[in-house]
Each structure stands twice: as structure tokens, then as C-alpha cells.
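Architecture and fold: a report
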Amino acid sequence: MGRRIAPLTLDNLGDLPLPCRACVFWELDPVSARVAEESGKPELEKEGWISAVLLEWGSCGRVVYVDELPVGYVLYAPPAYVPRSSAFPTSPVSPDAVQLMVSRLLPGYQGQGIGRVLVQTVVKDVVGRGFKAIEAFGAAGRETPSCLLPADHLRAVGFKTVRPHHRYPRLRLEARTTLSWKGDVEVALERLLGGARGGPRKEPALRPF
């Protein structure tokens, strides 16, 4: 059974599940996102955003595969590339951090620690570029917007609240904390996905981590 984590590029952008392939919640400001959705071209806007970030900053995502079936992904970038980040009451993201925008796993692959492996992979990547942490806007309360990560899930993989809010707390994961986790990423992925089973590709509802 093949297992791997690959950088997100224009070549494998189509491996993101359909709801996420056409989502520009983070990539555009609220007005531009609404215009893109009304024009029926959000996929093109998403592709344009990925292309620009790749050219100017570099890798901004990871995709997890099991037997070549994409089972999850994570998207991240410095806040300067994330227009929506300035719209939150707990903005801005700290200048020494990269923003974790969204992370999703297919339902059959949750609860195995894969979300933690994805986060560890992101931190190792951004540390090499001179950043000290990753931050995210969490969602608290009964209703969680689909493009936001629940604050409880973020805390479960090691994030700590740095600016509280009753709906949208900002949380932070220090690089030194993540890099101290035991086990290499590849070894952890082998262990975590060892019992997973791939299947026909579907478009199920995604869940955080």
C-alpha cells in the first residue's frame, strides 16, 4: 500500500475534493469572493492564487495520498497572501508566523493522528523559511463555518490560544513544540496509515483533520 505526502501544485490541484477546489474563502477578500462565485469562476481564481503564491513564496500546501487516493490536504501561507485573514476580530496573524488556512481529511481517515502529521509537515517546511510558528483562526460555538477549523481541533494538535474570542479565537503553534514531537514524519505516516484502506474516489463531506 503506497502512502505519501506531496506538495500541492497546479498539477495536483484537481486532487482536492470538489467543495475545496472551488472555494476561495481565504484566497480572496469577501467582495471579490462573492464576485467570483456569482461569475461561476471560483476554480480559476483558486488556480490563479495557487500559481501566484507558488511563484512568489513557494509551496503553500500538502496533499496526503493512500494508494494514490487523495485522502486529505492542508493549505497555508503568510497572512499577506490571505486577504480574508484581516477580516477577523482577532487579526492580525503575528509577523513571525505563517497562517494555517484550512486542513481536511476524508471521514474514513480521521481519528488516526494524520492531522498532527500534516501540521508537523507544515511546521518543518515553514521553519526552513525562517518562521517561528503557525497560527490559525479557530471557530468556537455550536456552528462552525465550513472554511474555518474548530478551535477544539486545533488545540487537540497542540495549538494554544493567543487571542481569545467567543467566536473566532486566534491560536498559535510554536515550531519548537512541534519539532519536539517524537518520530519522523515518514515513520509516523507509515504507522498512522498502515491500517487504512483506499477505495473508489468519491466526493464525501470533509471534516477538519
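So, here is what we can say about the structure in this document. (Residues numbered from 1 in each chain as written. Predicted model: local features only at pLDDT ≥ 70, side-chain atom pairs only at ≥ 80, totals over all residues. Heavy atoms only, no water.)

Examining the overall build of the chain
The secondary structure content of the chain amounts to seven helices and nine strands. The buried share among the 209 residues of the chain stands at 50%. Intrachain contacts of the chain at a sequence separation of at least 6 include 74% that bridge at least 24 residues. With the model as given, the accessible surface of the chain reaches about 9900 Å², and the carbon-plus-sulfur share is 53%. (Helix = DSSP H or I, 4+ residues; strand = E, 2+ residues; numbered from the N terminus. Buried < 20%, exposed > 50% of the residue type's maximum accessible area, 1.4 Å probe, protein only. Contact = heavy atoms within 4.5 Å. Areas by Shrake-Rupley, 256 points an atom, 1.4 Å probe, with all protein chains shown as cover.)

Overview of the state of the cysteines
Applying the stated criterion to the full structure yields zero disulfides. A disulfide-free cysteine, C23 has its sulfur positioned 3.2 Å from the sulfur of C147, the nearest such atom. (Disulfide = S-S within 2.5 Å.)

Brief notes about the pairing of strand β8 (residues 170-174)
Summarising burial for β8: four of the five residues are buried, a large majority. Of the strand pairs in this sheet, strand β5 (residues 133-139) and β8 are connected by five bridges, and their pairing is antiparallel. Pairing of E135 across the sheet is with R172, part of β8. Where strand β7 (residues 160-163) hands over to β8, the hairpin turn is made up of six residues, counted between the paired strands. (Pairing = 2+ DSSP bridges.)

Digging into the environment of R129
Along the chain, the position of R129 falls in the loop between α4 (114-127) and β5. Relative accessible area serves as the criterion here: at 27%, R129 is assigned to the partly exposed category. Taking the C-alpha atoms as reference points, R129 and G58, separated by 71 residues in sequence, lie 9.8 Å from one another. Non-local contacts of R129, meaning those with residues more than four positions away in its chain, are made with W57, G58, S59 and Y76. Only 2.6 Å separates the side chain of R129 from the backbone oxygen of S59, close enough to count as a polar contact. (Polar contact = N/O pair within 3.5 Å; in protein donor to acceptor, adjacent residues only side chain to side chain.)

A look at the pattern of salt bridges
Summed over all chains, the structure comprises nine salt bridges. Where E68 meets R4, a salt bridge forms, and the shortest distance between an N and an O atom there is 2.8 Å. Taken together, the residues E68 in the loop between β2 (61-66) and β3 (69-77) and R4 in strand β1 (residues 3-7) connect sequence positions 64 residues apart. Take R4: its relative accessible area is 33%, and that puts it in the partly exposed class. Taking the shortest distance from any N to any O, the salt bridge between E174 and R172 comes out at 2.6 Å. By relative accessible area, which is 23% here, E174 ends up partly exposed. Through salt bridges with shared partners, a single ionic network connects D96, E135, R170, R172 and E174. (Salt bridge = Lys/Arg side-chain N within 4 Å of Asp/Glu carboxyl O.)

Re the environment of V122
Of note, V122 is situated in helix α4. Take V122: its relative accessible area is 0%, and that puts it in the buried class. C-alpha of V122 to C-alpha of L75: the two residues are 47 residues apart in sequence and 8.9 Å apart in space. Not counting residues within four places of it along the chain, the set of residues in contact with V122 comprises V74, Y76 and I134.

Some thoughts on the packing of aromatic side chains
Throughout the structure, instances matching the rule amount to seven aromatic pairs. Here W57 and Y76 contribute two aromatic rings whose centre-to-centre distance is 6.2 Å and whose plane-to-plane angle is 85°, an arrangement assigned as edge-to-face. In this pair, W57 sits in the loop between α3 (42-56) and β2 while Y76 sits in strand β3, placing the two residues 19 residues apart along the sequence. Exposure class is identical for W57 and Y76. Each is buried. Put simply, the rings of F25, W26, F88, F137 and Y168 pair up and form one aromatic cluster. The ring of Y65 has R4 sitting right over it, with the charged end atom 4.2 Å from the ring centre. Its end group placed over the ring of W57, R129 keeps NZ or CZ at 3.7 Å from the ring centre. (Phe/Tyr/Trp six-rings, centres within 6.5 Å; stacked < 30°, edge-to-face > 60°. Lys NZ or Arg CZ within 6 Å of the ring centre and 35° of its normal.)

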